[in-house]
Amino acid sequence: MAIAAFIVGARPVSIAALLAVTYLAGVLIYRLFLSPLSKIPGPKLTAVTQLWLMYHEFNGDRTIQIDKLHSHYGPVVRVSPSEVSFNNHESLRDIYGIKSTFSKSSFYDLFIYYNVRNTFTSLDKPNVRLTLPTISLTPGQWTRD
């Protein structure tokens, strides 16, 4: 009842502030406890905001700081609410290997020229296969389909 009386008698500014605080609390709870990435080790600050990662990116020591996180937390570290860093050979092969089923991030859109994707900028494996030329080997000659 007290909340209903507060909302009815409140000014629009206080209602907006209450909604903003409720939204932020929900985002914090989701990122810290309910997100699929919440079980991955790392500092709580990196799970909540990207500001830590952005600060070190602009400072020019992002890779050094992520390496420090790996030495403290292990080969898998959460470095932002939606980003995980891996630091082992098995993960490298699983993520970037030929038989990988992982798609690339939108970061590769930075390298698209004239609105055309190539092997490097294709985000998913089927598109990469479409951009590669087919080469047939027959005894004594190379033919291109």
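Computed from a predicted model, the values in this text were never measured in an experiment.

Undergrad: Quick question: what am I supposed to make of helix 5 (residues 62-73) here?
TA: Every α-helical turn comprises 3.6 residues, leaving residues that sit three or four positions apart pointing alike. For helix 5, with twelve residues, the first-to-last C-alpha span of 16 Å sits near the 16 Å given by 1.5 Å per residue. If you check which residues of helix 5 are buried, you get Gln65, Ile66, Leu69 and His70. Viewed along the axis of helix 5, the buried residues span an arc of 145 degrees, placing them on a single side of the element. The outward face of helix 5, more than 90 degrees from its buried face, is lined by the exposed residues Thr63, Ser71 and His72. A positive backbone phi angle near 115 degrees is found at glycine 74, which sits one or two residues after helix 5.

Undergrad: What am I meant to see in the pairing of strand 1 (residues 76-80) here?
TA: Each regular strand shows side chains that alternate between the opposite faces of the sheet. Counting buried positions along strand 1 yields four of five residues, so the element is predominantly enclosed. With four bridges connecting them, strand 1 and strand 2 (residues 83-86) associate as antiparallel partners. Paired with valine 76 across the bridge in strand 2 is phenylalanine 86. The hairpin formed by strand 1 and strand 2 contains two residues between the paired strands.

Undergrad: Looking at this model, I keep getting lost on the side chain of serine 100. Mind explaining?
TA: Relative to the helices and strands, serine 100 resides in the loop between helix 6 (89-96) and helix 7 (125-131). Overall, serine 100 belongs to the buried group, its relative accessible area being 6%. Looking at serine 100, its side chain comes within polar contact range of the main-chain oxygen of isoleucine 95, at 2.7 Å.

Undergrad: Any chance you could explain a nonpolar patch on the surface here in plain terms?
TA: A cluster of nonpolar side chains, namely Phe107, Leu110, Phe111, Tyr113, Tyr114, Val116 and Phe120, defines an oily patch on the protein surface of about 860 Å² accessible area. Inspection of the secondary structure assignment puts phenylalanine 107 in the loop between helix 6 and helix 7. Relative accessible area serves as the criterion here: at 46%, phenylalanine 107 is assigned to the partly exposed category.

Analysis parameters
Residues numbered from 1 in each chain as written. Predicted model: local features only at pLDDT ≥ 70, side-chain atom pairs only at ≥ 80, totals over all residues. Heavy atoms only, no water. Helix = DSSP H or I, 4+ residues; strand = E, 2+ residues; numbered from the N terminus. Expected span 1.5 Å × (residues − 1). Buried < 20%, exposed > 50% of the residue type's maximum accessible area, 1.4 Å probe, protein only. Arc of directions from axis to C-beta. Pairing = 2+ DSSP bridges. Polar contact = N/O pair within 3.5 Å; in protein donor to acceptor, adjacent residues only side chain to side chain. Patch = residues over 30% accessible without salt bridge, like charges linked within 9 Å, V, L, I, M, F, W, Y side chains within 5 Å. Areas by Shrake-Rupley, 256 points an atom, 1.4 Å probe, with all protein chains shown as cover. Salt bridge = Lys/Arg side-chain N within 4 Å of Asp/Glu carboxyl O.

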